[in-house]
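# Structural description and commentary
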Amino acid sequence: MVEILSNMAGSVWKIEVKENDVVKEGDVLIILESMKMEIPIEATHSGVVAAINTAEGEFVQEGDCLVKISNK
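Presented here is a report on the structure given in the accompanying data block. (Residues numbered from 1 in each chain as written. Predicted model: local features only at pLDDT ≥ 70, side-chain atom pairs only at ≥ 80, totals over all residues. Heavy atoms only, no water.)

### Here's the deal with the side chain of S34
Relative to the assigned elements, S34 resides in strand β4 (residues 28-34). Of the polar contacts made by the side chain of S34, one reaches the backbone oxygen of A9; its length is 3.1 Å. For S34, the contacting residues outside a window of four places in its chain are M8, A9, G10 and I39. (Helix = DSSP H or I, 4+ residues; strand = E, 2+ residues; numbered from the N terminus. Polar contact = N/O pair within 3.5 Å; in protein donor to acceptor, adjacent residues only side chain to side chain. Contact = heavy atoms within 4.5 Å.)

### Here's the deal with the pattern of salt bridges
Evaluated as defined, the whole model comprises 2 salt bridges. In this structure, the salt-bridge partner of K68 is E3, at a minimum N-O distance of 3.9 Å. Here the residue K68 occupies a position in strand β8 (residues 65-70), and E3 occupies one in strand β1 (residues 2-5), the gap between them amounting to 65 residues. Overall, K68 belongs to the partly exposed group, its relative accessible area being 27%. In this structure, the salt-bridge partner of D21 is K18, at a minimum N-O distance of 3.6 Å. (Salt bridge = Lys/Arg side-chain N within 4 Å of Asp/Glu carboxyl O. Buried < 20%, exposed > 50% of the residue type's maximum accessible area, 1.4 Å probe, protein only.)

This is the structure we're talking about:
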């Protein structure tokens, strides 16, 4: 299981995936908004989205686990 962590504090602007989606390394999972900039959070590994630990509009801190990806 791979945890995708927030690389900065910000608001979750958009969630691009849902649980059970198959993703490839580099796919955009979530878009954060911070300081009026949109920051894409990408998959670091290929696999299946096992859990989404946030919601659109939620404020997250640096290091928070946003998504868990399991191996295929």
